[in-house]
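Survey of secondary and tertiary structure
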Amino acid sequence: MTYISHSLSGVTLKVCFLLSLIVLISACKRDDDEQPENCEHFEYEGENGPTHWEDLCMNWLSCGGASQSPINIANAIIDTSLGAITTNYNAISTHIHNNGHTIEFKAGTGGTIVLRGETYKLKQFHIHTDSEHRIGGESFLMEMHFVHEKITDPNSLAVIGLMFKEGAENAFLSQFVDHLPNEEGEAHDYTSALTYNPKDVFPADLDYFKYSGSLTTPPCSEIVTWVVLEHAVEATDEQILKFREIVESNARPVALLNGRQISHYLD
Ligand SMILES: [Zn+2]
């Protein structure tokens, strides 16, 4: 009896092993067959959320990289060699676009900034609610990203991050909050004949933090010199709510610093 049950359990084990192998192989095969690459669609929670972005599309592998954004800004080192940001923005007309992830203000002729002797051209700015970056662990109600391309290398970006906190009515936002496109797609874009200067939304004091990071949405390319303005500007709860109602929550969680240095420019 003992011998038979031993040999039986031996057979059972082999069968189990073979069955598991078949299940494993078919599971792998099913993954290949039934999960095509998803290079269009990402979300901020669930199966297509930030922790899965790198797996959704081969071109999004950078989302799992070591120099990702946003980050929590802490232990910044004062660097007197950094120099002030020079803004040479122009007054431009408003063209506001809802791309399904954010509200984007196109700014093709919006002018340039000069950062450490390099000139970057303003392409667009857009918003995130809540803020993506944190400063000393603190999160803000909204963050605006001004995306600039280096004139000599369009694959190198400088993005200025501007924080919004609750307070007085923001005159710059007042020009647009009643015209934000609720629906995704160009049919809903808003263009105004009125012109504005993007500089008008900046705080008077342009102290900033600088570090090397990435786009905060797929493909998360690590090509961004981040300039996060230290001083937040104010907007009313109602103004910020108008953005939030449309984009809901579009803030990527903070990434690890992984040894990167954060420099601090003080005027
Ligand atoms: Zn952004």
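The coordinates are above.
Residues numbered from 1 in each chain as written. Predicted model: local features only at pLDDT ≥ 70, side-chain atom pairs only at ≥ 80, totals over all residues. Heavy atoms only, no water.

**What about the pairing of strand β7 (residues 118-128)?**
Strand direction decides the pairing type here: strand β5 (residues 103-106) and β7, joined by three bridges, are antiparallel. Bridge pairing in β7 places E104 opposite H126. Here strand β6 (residues 111-115) runs beside β7; their pairing, made up of four bridges, is antiparallel. Bridge assignment links T112 to a residue of β7, and that residue is K121. Where β6 folds back onto β7 in an antiparallel hairpin, the turn is made up of two residues, including R116, whose phi is positive at roughly 50 degrees. (Pairing = 2+ DSSP bridges. Helix = DSSP H or I, 4+ residues; strand = E, 2+ residues; numbered from the N terminus.)

**So, the state of the cysteines**
Across all of its chains, the model carries two disulfides by this definition. Residue C63 pairs covalently with C220 via a disulfide, S to S 2.1 Å. With the S-S dihedral at roughly 85 degrees, the linkage between C63 and C220 falls on the right-handed side. With C63 in the loop between α2 (53-56) and β1 (72-73) and C220 in the loop between β12 (208-213) and β13 (224-229), this pair connects stretches of sequence that are 157 residues apart. (Disulfide = S-S within 2.5 Å.)

**A few points about the pattern of salt bridges**
According to the stated counting rule, one finds two salt bridges in the structure shown. Where R244 meets D130, a salt bridge forms, and the shortest distance between an N and an O atom there is 2.8 Å. Linking R244 in helix α4 (residues 237-247) with D130 in the loop between β7 and β8 (134-135), this pair joins segments that are 114 residues apart in sequence. Given the relative accessible area of 26%, R244 is considered partly exposed. Judged by relative accessible area, which is 30%, D130 ranks as partly exposed. (Salt bridge = Lys/Arg side-chain N within 4 Å of Asp/Glu carboxyl O. Buried < 20%, exposed > 50% of the residue type's maximum accessible area, 1.4 Å probe, protein only.)

**Concerning the coordination of the zinc ion**
Taken together, H126 (NE2), H128 (NE2) and H145 (ND1) make up the full set of protein donors to the zinc ion, lying 2.0 to 2.1 Å away. Here the donor residues of the zinc ion are spaced in sequence according to H-x1-H-x16-H. (Donors = N, O, S within 2.8 Å, 3.2 Å for Na, K, Ca; no water.)

**Concerning a negative patch on the surface**
Together, E166, E169, D237 and E238 line one region of the surface with negative charge. When you line up the elements, E166 lands in strand β10 (residues 153-166). The class of E166 is exposed, set by a relative accessible area of 52%. (Patch = residues over 30% accessible without salt bridge, like charges linked within 9 Å, V, L, I, M, F, W, Y side chains within 5 Å. Areas by Shrake-Rupley, 256 points an atom, 1.4 Å probe, with all protein chains shown as cover. Lys, Arg positive; Asp, Glu negative; His and termini not counted. Charge placed at Lys NZ, Arg CZ, Asp CG, Glu CD.)

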